[in-house]
Amino acid sequence: MITHRITQFIEKEHLFSLKDKVLVALSGGADSVALLRILLKAGYRCEAAHCNFHLRGDESNRDEAFVRELCNTLAVNLHTTHFDTTQYAEQHHISIEMAARELRYHWFAQVRQQCGAKVIAVAHHKDDSVETMLLNLIRGTGINGLTGIRPQNGEVVRPLLCVTRREITNYLQHIAQPYVTDSTNLQDEYTRNKIRLNLLPLMQTINPSVQDSLIDTAHHLHEAALVYQQGIAEGRTRVLNEEKGICIAALLQEPSPAALLFEILHPLGFNSSQVNDIFASLTGQAGKLFTSKEWRVIKDREYLLIEKPDASDESTPPFQLICEEAEYTDGFIIPRDKNTACFDAGKCQGEITLRRWQAGDTFVPFGMKGRKLVSDYLTDRKLSRLQKENQWVLCVGNDIAWLIGERTDDRFRVDETTTRVVLYTLSGDK
């Protein structure tokens, strides 16, 4: 009976077909053992993969030995690997649970390709989906976190989501199939185990069918999430400018600007607290900077600028300058566009260098007599923080001769004594 229900679920969700090879993640526990036995009975071609994480001493080795014997008995090809999970967690500054997850799924993907399997079948069942839903609810989550575990995520499929843990163990008992038990699952140590051993039994005293009720709710929320994601996608097109970022005025006109902002920034590594701070800054002064691991958001006057910090050599400009000298005659026309600087060659006797402007830099803007801080000039020009950061200068000796693409320095101007000129023309993006 359970085999029929699972095969119907596989067909309904289009997880894989009888012609496909399936790589089964086989821990040796009841769930994964049942998954392998059921798929084989249903006629699917299976290979198995087992990870030894060396986290439970002799138990870990016991599990591997059991899995080897089982696959040998069933004539199933078995792939195994060993991980120093604790070392990996320390090196990457993550929890043991997260380390084990990253290691196994990365390895499963490699094995799947090597053996030619279409999918990786893991043994999550209905109870796991309910526990995940409650776990996310306790930690705090959006609508997607309340939809439970989905039957498919890329090449990873979950054929047992239609059955409960009790149905699985009853099946194994019926066919007299032994399995191993992870002793940590019996401990009230981790949050998920607290939900499994304490919270769910308490909820069942209120509603014996609480698991089915929660699964039904998860299905409803999944449907609602599809509508929600469509609304988010449409909202993104209304507020996002590919060159500039998020238009603040357009965002604030959305029905739920905070939710839309979260959905745009969360995939970039910004957490809920950071997004709340960014949202609160929308009506404040420009210039605030917010960073995630790989991205940063700058609150500008009209936009939230989104960019990846430039990891390139800070001493290498992202543009080229073409330099040429010419005789200054009565018929010479001085270029007036901002991408070209024309200087008196006789006044440019020092070393010519390019660099980003620095705090405290001053120059004499063309047409003026007194010095002006570069920072004040850029502020007066109402340039964004990002534009300011990307402003380069051309120096003659220690003096700034040109805010490239902006304004030249009056001290190097062409005058009645000039006999030769030097021109610098900007090529590429400044």
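Above this text you will find the structure in question.
Residues numbered from 1 in each chain as written. Predicted model: local features only at pLDDT ≥ 70, side-chain atom pairs only at ≥ 80, totals over all residues. Heavy atoms only, no water.

J.: How would you summarise unusual backbone geometry if you had to cite specific residues and measurements?
T.: One non-glycine residue, His14, adopts positive backbone phi at about 55 degrees. Mapped onto the elements of the fold, His14 is located in the loop between α1 (2-13) and β1 (21-25). The class of His14 is exposed, set by a relative accessible area of 65%. Here Ala75, not a glycine, exhibits a phi torsion of approximately 60 degrees, which is positive. Within the secondary structure layout, Ala75 lies in the loop between α3 (58-74) and β3 (78-82). (Helix = DSSP H or I, 4+ residues; strand = E, 2+ residues; numbered from the N terminus. Buried < 20%, exposed > 50% of the residue type's maximum accessible area, 1.4 Å probe, protein only.)

J.: Give a description of the nonpolar core that names residues and reports values.
T.: Counting 38 residues, the largest nonpolar core has Ile6, Phe16, Val22, Leu26 and Leu39 as the members making the most contacts within it. Those elements that place two or more of their residues in this core are α1, β1, α2 (30-41), β2 (45-52), α3, β4 (119-121) and α7 (165-174). With residues near it in sequence (within four places) discarded, Leu26 still touches Ser32, Val33, Leu36, Ala48, Ala49, His50, Val67, Leu70 and Cys71. In terms of nonpolar packing, the next biggest core, distinct from the first, is built from 20 residues, Phe83, Ala100, Cys115 and Val122 among them. (Core = buried A, V, L, I, M, F, W, Y, C linked by side-chain atoms within 4.5 Å. Contact = heavy atoms within 4.5 Å.)

J.: Please provide a residue-by-residue account of the sheet that holds strand β6 (residues 156-157), values included.
T.: Sheet architecture is open: six strands sit in the order β3-β2-β1-β4-β6-β5, paired in mixed fashion. Pairing within the sheet leaves two strands with one partner each, and these edge strands are β3 and β5 (152-153). Two elements, β4 and β6, share two bridges in a ladder whose sense is parallel. Note on β6: the bridge partner recorded for Ala121 is Val157. Of the strands in this sheet, β1, β2, β3, β4 and β6 touch helix α5 (residues 96-115), which is tilted by about 145 degrees from β2. (Pairing = 2+ DSSP bridges. Axes fitted to C-alpha atoms, helices over the stretch in contact; angles between N-to-C directions.)

J.: Could you give an account of the layout of surface pockets, with specific residues and numbers?
T.: In this model, the second largest pocket occupies a volume close to 470 Å³. Of all the elements in the fold, those that place two or more residues in the lining of the second largest pocket are β11 (303-307) and α14 (385-389). Residues of the lining of the second largest pocket, tallied by class, amount to four nonpolar, three polar and nine charged. (1 Å grid on protein atoms, 1.4 Å probe; cavity = no way out; pocket = protein on both sides within 12 Å on 5 of 7 lines; lining within 4 Å. Points joined across faces, edges and corners; volume = space filled by probe spheres on them. Nonpolar A, V, L, I, M, F, W, Y, C, P; charged D, E, K, R; others polar.)

J.: Which residues make up the packing of α2 against α7, and what values do they have?
T.: Interhelical geometry of α2 versus α7 gives an angle of 65 degrees and a closest axis separation of 10 Å. Crossing hand, α2 versus α7: left-handed. The segment α2 lies against α7, with Ala30, Asp31, Val33, Ala34, Arg37, Ile38 and Lys41 engaging Ile168, Thr169, Tyr171 and Leu172. In terms of residue class, the contact of α2 with α7 is built from seven nonpolar, one polar and three charged. (Left-handed = near helix turned anticlockwise from the far one by under 90°.)

J.: Help me get a handle on the packing of aromatic side chains, residues and values and all.
T.: Tallying each qualifying case throughout the model produces nine aromatic pairs. Geometrically, the ring pair formed by Phe53 and Phe83 is stacked, given 5.8 Å between the ring centres and 25 degrees between the ring planes. On the criterion of sequence distance, the pair formed by Phe53 in the loop between β2 and α3 and Phe83 in the loop between β3 and α4 (85-92) is long-range, its members being 30 residues apart. Judged on exposure class, the residue Phe53 and its partner Phe83 are both buried. Where Tyr105 meets Phe108, the ring centres are 6.0 Å apart and the plane angle is 85 degrees; that geometry is what we call edge-to-face. Taken together, the residues Tyr105 and Phe108, both in helix α5 and three residues apart, mark about one turn of the helix. (Phe/Tyr/Trp six-rings, centres within 6.5 Å; stacked < 30°, edge-to-face > 60°.)

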